[in-house]
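# Structural overview for review
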Protein chains: 2
Amino acid sequence: MDKVDDLGRVTLADVAREADVSVSTVSKVLNGRTDVSPATRERVEELLRRHGYQRGPRSGGDAPLIEIVFHELDSLWAMELLRGVEAVANGYGAGVVVTHSGSRHAPGPEWIDAVVRRRPLGVVLVFSSLPPDLKRQLRSRAIPFVVIDPAGDPEPDVPSVGSANWAGGLAATRHLVDQGHRRIGIITGPDDMLCSLARLDGYRSALTMAGIEPDPGLVAFGDFHAEGGYASARDLLALPDRPTAIFAGSDLQALGVLEAARVAGLRVPEDLSVVGYDDLDIAKWTSPALTTVRQPLREMAEQATRLILRLREDEPPTPTRLELSTTLVVRASTAAPPPR
Amino acid sequence: MDKVDDLGRVTLADVAREADVSVSTVSKVLNGRTDVSPATRERVEELLRRHGYQRGPRSGGDAPLIEIVFHELDSLWAMELLRGVEAVANGYGAGVVVTHSGSRHAPGPEWIDAVVRRRPLGVVLVFSSLPPDLKRQLRSRAIPFVVIDPAGDPEPDVPSVGSANWAGGLAATRHLVDQGHRRIGIITGPDDMLCSLARLDGYRSALTMAGIEPDPGLVAFGDFHAEGGYASARDLLALPDRPTAIFAGSDLQALGVLEAARVAGLRVPEDLSVVGYDDLDIAKWTSPALTTVRQPLREMAEQATRLILRLREDEPPTPTRLELSTTLVVRASTAAPPPR
């Protein structure tokens, strides 16, 4: 029923012969049909990949698509990335397909089947690692993919775009040290994400360079959401020798810190300084406006999308890791500590 | 090059004969090609529409798409709608194409060309009105569309989903009256959007029903963003007889009101009560947490998407206007006014 347009040098008949299956089976694999045994599917994919089988985008390039897939579609963070992909795709005349799938680590299996059927120009994945199966399926169909990996844990064989987490943690903490703070708490992200650890290391280095011994009692791990920021800040602010400043690992966590301060009767920045991370639009409109580390999310997504388009055009292999810089944005939530 | 699969009763040849053009010209119109004169395009579209020409979705239904198009992709508001569309489309096995195009009133012309080429199952439009041209182009290709219209200004011939703006304005204001407020300011949305006017009327009715004469000096029009909320609140709080409560027309505007209160040295809710509108995720994490009117954005988007799928299946015509209810969510930003 579904005809396959073969634009590559190797024909489907060649692949079918070599795999010892019918042409229709090869076509089924290409079209993401599920009525093919896993072993056959794998053999055909491997042959397609080895021969560099090239297939034109759907509808002969008339209605190209670029895909972005998230495991979370519920934060401003995701919106920033989407805007970046949309801006570049739009300029290229491509539609953007958005999918919400899987866990923090990889998209769900139903997604890959749909992508194979849609045959997009390429895929932007917002995941920290990819199962080998998924990589093989995309590669065997010549669908380029790039990982946006703010988690900072790139795989060497996958092109990825991230940002400078260690430098961001360093800059945030230095700013607080420069204001005169000595008791500085940190609420970083989950302890199984490299970006959390990189920011924490940046914080520790800034303290050590300033001659301040890092206090493990001032270190907390959050979930990058407001809830986690609130719970951790409540604990930090209840310490007998409470911190005079908190570096929250994300702007959303900083919202939780601001609320914990209000509940504890502490004014920001007079009694407590707060630094966020990300510089979402909302950071300008917290009360007071948030000092934060700008992570160029939109630019990261733009770069990832451009990289996909370059990969399609078979330009000479670009660096597989692009790291954009982070910058400190000083607003009203930081000041000198209160006199003791 | 591009073959058209004709599933309808009328054939392309019939339409071509009647329009006195070649079959290839009809095919060009169907495929959104631009090398057809506007007059011819219009004549062919009119004939296709009149004959109820039906065309199967792209790729024989193998990789169906649903489109959502926004004029703004920069707020939490858009994210909520996207999540609703994604949830329903996902359950249906369809991909979601997101486009950012046009002005508040209609998507740009480049969008419609792309949609015609992509041939989606249907289109969710987040716009307050649609140009007749666009409606004609979608209808002639049997692409169903539904407007999500929180602006409350539906066109009678377009299926739309909205929410109860007047009742929302009434509930917000009643809550403040019940707390004992008499000087209540309102910052509603732009004065050319019906939703702004409906909320304002709900506010006025709640005051009148409580025996309070509405004071035009306490009414401001914003832009639904934090900036506008801040500027209007600053003016209201500088009045000699300043309001003890402000009903902000959106949660984003409420962020601006909270900041204006902080800058003016007023505590929320002790010195000033604030009510938002929308109940975005962020409303739980303002300081203090925001009392607001919940607008069921995600559900509105889900309903719009389901309506599209029903329209495709030619179910008996459903009501063309679906209005979901709004509910007051009381949190920590409202209290009795300070003693005078």
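How each quantity is defined
- Residues numbered from 1 in each chain as written.
- Chains lettered and ligands numbered in written order.
- Predicted model: local features only at pLDDT ≥ 70, side-chain atom pairs only at ≥ 80, totals over all residues.
- Heavy atoms only, no water.
- Pairing = 2+ DSSP bridges.
- Helix = DSSP H or I, 4+ residues; strand = E, 2+ residues; numbered from the N terminus.
- Axes fitted to C-alpha atoms, helices over the stretch in contact; angles between N-to-C directions.
- Contact = heavy atoms within 4.5 Å.
- Buried < 20%, exposed > 50% of the residue type's maximum accessible area, 1.4 Å probe, protein only.
- Core = buried A, V, L, I, M, F, W, Y, C linked by side-chain atoms within 4.5 Å.
- Buried area = accessible area lost by both parts, 1.4 Å probe.
- Salt bridge = Lys/Arg side-chain N within 4 Å of Asp/Glu carboxyl O.
- Polar contact = N/O pair within 3.5 Å; in protein donor to acceptor, adjacent residues only side chain to side chain.
- Least-squares fit on C-alpha atoms with pLDDT ≥ 70 in both.

This brings us to the sheet that holds strand 12 (residues 327-329) of chain A. Residue and element names in this part refer to chain A. With mixed pairing, the 6 strands of this open sheet are ordered in space as 7-6-8-9-10-12. With one partner strand each, in any of the chains shown, strand 7 (219-221) and strand 12 form the two edges of the open sheet. Across the sheet, the mean angle separating the axes of adjacent strands is 20° when strand polarity is ignored. Across 3 bridges, strand 6 (residues 184-188) lies against strand 7 in parallel orientation. Within strand 7, the residue paired with Thr 188 across the bridge is Phe 221. With respect to the sheet, helix 7 (residues 165-178) is in contact with strand 6, strand 8 (245-248), strand 9 (273-278), strand 10 (291-294) and strand 12, its orientation differing from that of strand 9 by roughly 165°.

Here Leu 328 of chain A is to be found in strand 12. Overall, the relative accessible area of 31% leaves Leu 328 of chain A in the partly exposed class.

Now for the nonpolar core. If you look at the biggest cluster of nonpolar residues, it comprises 104 residues, and the most contacted ones within it are Ile 68 and Leu 82 of chain A together with Ile 68 and Leu 82 of chain B. Residues within four places of Leu 82 of chain A in sequence aside, it is in contact with Ile 68, Phe 70, Val 96 and Val 98 of chain A together with Leu 73, Leu 82 and Val 98 of chain B. Counting residues in hydrophobic clusters, the runner-up holds 34 residues, among them Ala 172, Leu 218, Val 275 and Tyr 277 of chain A.

This brings us to the pairing of strand 10 (residues 291-294) of chain B. Strand direction decides the pairing type here: strand 9 (residues 273-278) of chain B and strand 10 of chain B, joined by 4 bridges, are parallel. Across the sheet, the residue bridging to Tyr 277 of chain B is Val 293 of chain B, located in strand 10 of chain B.

What follows is about the interface of chain B and chain A. Taken residue by residue, the interface counts 41 residues in chain B and 41 residues in chain A. Note on chain B versus chain A: buried area summed over both sides is about 3,700 Å², and carbon and sulfur give 57% of it. For the interface between chain B and chain A, the tally reads 0 salt bridges. The tally of links from chain B across to chain A stands at 8 residue pairs in polar contact (both at pLDDT 80 or more).

It takes a turn of 180° to lay chain B on chain A, together with a shift of 0.0 Å along the axis; the resulting RMSD is 0.1 Å. What the superposition gives is, in effect, a two-fold axis relating one chain to the other. No C-alpha of chain B approaches the rotation axis more nearly than that of Val 97 of chain B, which lies at 2.1 Å. With an isologous cut-off of 70% or more, the 98% of interface residues of chain B that recur at the interface of chain A puts this contact in the isologous class.

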